[in-house]
Amino acid sequence: MSSQPVFIPVGDLADGFAPDSHILPGTAVLQGRQFVLHFADGSSASLQVGEQECQLTSLGQGSAEGFVGQGAYRASSLRPGIVLLDFIPRQAHGHSLSLVLDLSAALFTAVAGQLPSAQEVAQSAFSRVNQGQELTAVRCQFAHGSLDQPLAANTPLHHVTDELLGLRNLYRYSPTECYEHIYLNSHFYTWQCLQGVEQGLADVDRCHYFKLDHELYLFVWREKIIPTLGVVLIDLQQLKTDGKIFGYQGNDFSAVANFPVGARTQILNRTSHPLHD
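Computed from a prediction, not measured in an experiment: that's the story for all the values here.

**Student:** I'd like to hear about the sheet that holds strand β1 (residues 34-39), residue by residue, with values.
**Tutor:** Spatial ordering of the closed barrel is given by β1-β2-β3-β4-β5-β6-β7-β8, a layout of eight strands whose pairing is antiparallel. Geometrically, the sheet is characterised by an average inter-axis angle of 30 degrees between neighbouring strands, direction not taken into account.

See the structure below:
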């Protein structure tokens, strides 16, 4: 008789993913560069990228104020001309910032994540529903805009998409870690661990989908049991992903874990629901 699978802290998950993982090497393409991010609401921010650290500074009031901070970063490029820049801002415990910089199209998408407090995590699902809250206490903000030039009218920004819906994909993160995703609808996906430290676990969680380019997507998920934020790029041309998983190191919530992930992808099938009037 098999034992009951157990949900584990994100720090333990990082340890399981680390050996021989399929993450991308870092890129130095942003080092020494400075960008101005022009947000869709008219606000802007300055991004400075050094050898090891980067800094985002708001240049005025508006949505840009929610995407500021400084810290050591990871930069990777899943597709030429598109860079994922990710870091944990100093002096902002439980926060993370991720930027998709589309250098070819002069566009960006920003993702600001915030982990919940211990008190928020302890709140029951029933209580959250009764109060009209989401089941997950992990929060996220998104913003889109242009790089180095004010946003022109009718500029085609990165945008929400339904192109992943119905896909059932297999993700091989390392020789020991393998997961399955099914993208159910515009708000939720389901996952299960087929092999690895979470083997036997499965759940349905809140998620968000954005189209960056042809067959290239930004997928973000927010888990409700173990507070977790996932930010990954999915390339269906190369059948490869790259991104990060962010959460608490242990169960005392005193330290965070923010580790890179990358997977080889296999499309298993696509489901279409024949609902007609």
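**Student:** Explain the pattern of salt bridges to me, and be specific about the residues and the numbers.
**Tutor:** Inspection of the entire model under this criterion finds 12 salt bridges. Put simply, E134 and R222 hold a salt bridge, and the shortest N to O gap is 3.0 Å. With a gap of 88 residues between them, E134 in the loop between α3 (125-130) and β8 (139-147) and R222 in strand β14 (residues 216-223) connect regions that are remote in the sequence. Under the relative-accessibility criterion, R222 is labelled buried at 4%. With a shortest N-O distance of 2.9 Å, K224 and D203 are connected by a salt bridge. With K224 in the loop between β14 and β15 (228-235) and D203 in strand β13 (residues 202-213), this pair connects stretches of sequence that are 21 residues apart. For D203, a relative accessible area of 15% corresponds to the buried category. Connected through shared salt-bridge partners, R79, D213 and D235 make up one network.

**Student:** An account of empty space enclosed by the protein is requested, with residue identities and associated values reported.
**Tutor:** Summed over the entire model, instances satisfying the criterion amount to one cavity of 30 Å³ or more. Counted as a void, the largest cavity has a volume near 190 Å³. Taken together, 17 residues make up the lining of the largest cavity; nearest its centre are L13, Y179, E198, E223 and I245. Mapped by element, the contributors of at least two residues to the lining of the largest cavity are α1 (10-17), β11 (178-183), β12 (188-195) and β14. For the lining of the largest cavity, the element with the most residues is α1, which contributes three residues. Taken together, the residues of the lining of the largest cavity sort by class into 13 nonpolar, two polar and two charged.

**Student:** For the pairing of strand β16 (residues 240-248), give the residues involved together with the corresponding values.
**Tutor:** Of all nine residues in β16, nine are buried; the element is thus mostly enclosed. Two elements, β15 and β16, share eight bridges in a ladder whose sense is antiparallel. Bridging across to β16, V231 finds its partner in K244. Here β15 folds back onto β16 in antiparallel fashion, the turn holding four residues, of which L239 has a positive phi close to 55 degrees.

**Student:** How would you sum up the nonpolar core? Please name residues and give values.
**Tutor:** Ranked by internal contacts, the top residues of the largest apolar core, which has 29 residues, are L164, Y183, Y189, F219, I234 and F259. With near-sequence residues (within four places) excluded, Y183 lies in contact with L164, L165, G166, L167, N169, Y171, F188, Y189, Y209, F219 and I234. Counting residues in each nonpolar core, the second largest holds 25 residues, with L37, F39, L47 and F87 among its members.

**Student:** Account for a nonpolar patch on the surface, naming residues and giving values.
**Tutor:** On the surface, L184, F188 and V204 cluster together to form a nonpolar patch covering roughly 230 Å² of accessible area. When you line up the elements, F188 lands in strand β12. F188 gets classed as partly exposed once you look at its relative accessible area, which sits at 34%.

Parameters at a glance
Residues numbered from 1 in each chain as written. Predicted model: local features only at pLDDT ≥ 70, side-chain atom pairs only at ≥ 80, totals over all residues. Heavy atoms only, no water. Pairing = 2+ DSSP bridges. Helix = DSSP H or I, 4+ residues; strand = E, 2+ residues; numbered from the N terminus. Axes fitted to C-alpha atoms, helices over the stretch in contact; angles between N-to-C directions. Salt bridge = Lys/Arg side-chain N within 4 Å of Asp/Glu carboxyl O. Buried < 20%, exposed > 50% of the residue type's maximum accessible area, 1.4 Å probe, protein only. 1 Å grid on protein atoms, 1.4 Å probe; cavity = no way out; pocket = protein on both sides within 12 Å on 5 of 7 lines; lining within 4 Å. Points joined across faces, edges and corners; volume = space filled by probe spheres on them. Nonpolar A, V, L, I, M, F, W, Y, C, P; charged D, E, K, R; others polar. Core = buried A, V, L, I, M, F, W, Y, C linked by side-chain atoms within 4.5 Å. Contact = heavy atoms within 4.5 Å. Patch = residues over 30% accessible without salt bridge, like charges linked within 9 Å, V, L, I, M, F, W, Y side chains within 5 Å. Areas by Shrake-Rupley, 256 points an atom, 1.4 Å probe, with all protein chains shown as cover.

By themselves these figures say nothing about function.
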